[in-house]
Amino acid sequence: MIKLSNINKTYYRGKNVIKAVQNVNLEIREGEIFGVIGFSGAGKSTLVRCINLLERPDEGGSVIVDGVEITKLTSKQLREERKEISMIFQHFNLMPSRTVLENVLYPLAYRGIPKSEQIKKAMSLLKLVDLEDRIENYPRQLSGGQKQRVAIARALASDPKVLLCDEATSALDPTTTQEILALLKKLNEKLGITIVVITHEMDVVKELCHRVAVMENGKVVEYGDTFSIFANPSCEITKRFLRATSNLSKIDDIADKIDLNNGEVLVRFTYIGKGVSEPVLSSLTSQFSVIVNIIFADVTLIGGNPIGGTVAILSGDKSDIEKALNSLDSRNVKVEVIRRG
């Protein structure tokens, strides 16, 4: 559905040259939910705005949407093509002086269809986002989640093939975020719309995205299906995102404060897929006579698949501990020795 080739975006601020996006090449499949994750300043919002040319890439880059190279279109052609690409934002961008219904009607007013059909279309969209009982309310009378639902309904009014979501849940509380993510998932499944999600929140990617690109300093540093990327992260930035949502990261702050006896080992285990349900830790005791004292444990789901981890202190004979740790290599378990007593 979307192909980005050699995308660069450079800003000039006086004598300063800012390379916001650097040599990005991505393909986003039709009907998938694709995430772009990165910390503030990574270039992800600039990148998503290059998809609909709100930001035009530097010369030499191309953007193809549903087979059309929009970077070669005239202004008139681009306006027409943008009807296929809708966008929602962090702060909703609703018109405060218009009702919920009028906000959704707004993009329909210029399509040359009768008023009755416009209202019918808007009402069906508001029903889709569970707001048909709020049509006469103004934005100031709505919660943050309700405002974002109106924005989503408005974005769908042009029957787009692509929905761009730029930090669409960042202004929402955790419960409301989950509701909006569930709505986006429902729209993807029901309408088959391709969704591109820009976020700095790992929970959003874990809950929603089929595939993901990780950005840092304007570059895509990792790119692939969400489970594989976060089950086997190769870049430090990806590891930071994964640990940010796991209890296992707590050990990094307190490792030096844990008392270890001579020969004891403080370890972090990471296990993925079916390894989560296997009795990994109990086998260390039964097979190798190693005592396992669990400090933290955590299991999270990514794309419906579990990724788990445990931080523990291992006690026992030194050779038995080494044999136990070596045995885990063949069981889909990664071992990180944090400290030795």
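Details of the structure are given in the entry above.
So, here is what we can say about the structure in this document. Numbers given for residues are sequential positions, taken from 1 along each chain in its written order. Restriction of local features to residues with pLDDT of at least 70 applies here, the model being predicted, together with a cutoff of 80 or more for giving and counting side-chain atom pairs; totals for whole chains, interfaces and linings are based on all residues. Excluded from the side-chain calculation are hydrogens and water; included are all heavy atoms of the structure.

Partly exposed residues are those whose accessible area sits between 20% and 50% of the maximum for their type, while under 20% is buried and over 50% is exposed, using a 1.4 Å probe and protein chains only. Only DSSP runs of H or I covering at least 4 residues are called helices, and only runs of E covering at least 2 are called strands; the numbering of each starts at the N terminus. Most of strand β8 (residues 194-199) sits inside the fold, with six of its six residues counted as buried. Of the two faces of β8, the one carrying T194, V196 and I198 and the one carrying I195, V197 and T199 are both buried. Strand pairing is defined by DSSP finding a minimum of two bridges between the two strands. For strand β3 (residues 33-37) and β8, the ladder comprises five bridges, and the chain directions are parallel. When the sheet's bridge partners are listed, F34 is paired in β8 with V196. The pairing of strand β7 (residues 162-166) with β8 spans five bridges and is classified as parallel. Considered in β8, the bridge of L163 is made with I195. A clockwise course of the path from the first strand over the helix to the second, judged with the strands pointing away from the viewer, identifies a crossover as right-handed. Each parallel crossover has a hand, and the one from β7 via helix α6 (residues 174-191) to β8 is right-handed.

One can find T310 in strand β13 (residues 305-315). Take T310: its relative accessible area is 1%, and that puts it in the buried class.

So, about the sheet that holds strand β1 (residues 2-13). Here we have four strands laid out as an open sheet, ordered β2-β1-β4-β5, and antiparallel in their pairing. Of all strands in the sheet, those bounded by a partner on one side alone are β2 (16-28) and β5 (68-69). Summarising the sheet, β1 and strand β4 (residues 62-65) pair through four bridges and their orientation is antiparallel. Along β4, the bridge assignment pairs S5 with S62.

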